[in-house]
Amino acid sequence: PLPLRSAYTAVLGDEPTFTTSTPAFTGTLDYIWYIGGVEPVAVLDVPHLGATGLEQGMPSRAFPSDHLLLAVAVRICPPSPR
């Protein structure tokens, strides 16, 4: 198996509490995975569950998609000498 790692866990220590919220389900469905050669250095903040505009779930006027935007900035790591 590939040794995939989560960028959000690498930067924040945990996954976002949720990446989608509907009346029937609220949870994390979206991830940014990475593998060697890069190092995550920053991630885009996600709103908290009580944020204005999430009262009825997503999509909404404040959050027009049914999933939150995730983004990561990475540092390119130099190759290891062999």
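Residues numbered from 1 in each chain as written. Predicted model: local features only at pLDDT ≥ 70, side-chain atom pairs only at ≥ 80, totals over all residues. Heavy atoms only, no water.

Colleague: Can you walk me through the side chain of Thr20 in this structure?
Modeller: Along the polypeptide, Thr20 turns up in strand 2 (residues 20–21). Among the polar contacts listed, one links the side chain of Thr20 to the backbone oxygen of Asp66, at a separation of 2.5 Å. If we skip the residues at most four places from it in the chain, Thr20 touches Phe25, Thr26, Gly27, Leu29, Met58, Asp66 and His67. (Helix = DSSP H or I, 4+ residues; strand = E, 2+ residues; numbered from the N terminus. Polar contact = N/O pair within 3.5 Å; in protein donor to acceptor, adjacent residues only side chain to side chain. Contact = heavy atoms within 4.5 Å.)

Colleague: Before we go on, may I ask you to explain the environment of Ala73 in this structure?
Modeller: If you trace the backbone, Ala73 turns up in strand 6 (residues 72–76). A C-alpha to C-alpha distance of 9.6 Å links Ala73 and Val38, two positions 35 residues apart in sequence. Residues contacting Ala73, with those up to four places away along its chain left out, are Glu39, Pro40, Val41 and Ala42.

Colleague: Can you walk me through a nonpolar patch on the surface in this structure?
Modeller: Together, Leu2, Leu4, Tyr31, Trp33 and Ile35 line one region of the surface with nonpolar side chains, adding up to about 510 Å² of accessible area. Given a relative accessible area of 43%, Leu4 falls into the partly exposed group. (Patch = residues over 30% accessible without salt bridge, like charges linked within 9 Å, V, L, I, M, F, W, Y side chains within 5 Å. Areas by Shrake-Rupley, 256 points an atom, 1.4 Å probe, with all protein chains shown as cover. Salt bridge = Lys/Arg side-chain N within 4 Å of Asp/Glu carboxyl O. Buried < 20%, exposed > 50% of the residue type's maximum accessible area, 1.4 Å probe, protein only.)

Colleague: Would you explain the pattern of salt bridges in this entry?
Modeller: Pairing is possible between side chains that carry opposite charge, provided their charged atoms lie close to one another. The final tally for this structure, using the stated rule, is 1 salt bridge. Residue Glu39 is joined to Arg75 by a salt bridge in which the shortest nitrogen-to-oxygen separation is 2.8 Å. One end of the pair, Glu39, is in strand 5 (residues 38–43); the other, Arg75, is in strand 6, with 36 residues separating them in the sequence. On the accessibility criterion, Glu39 (35% relative accessible area) is partly exposed.

Coordinates in, geometry out; function isn't part of it.
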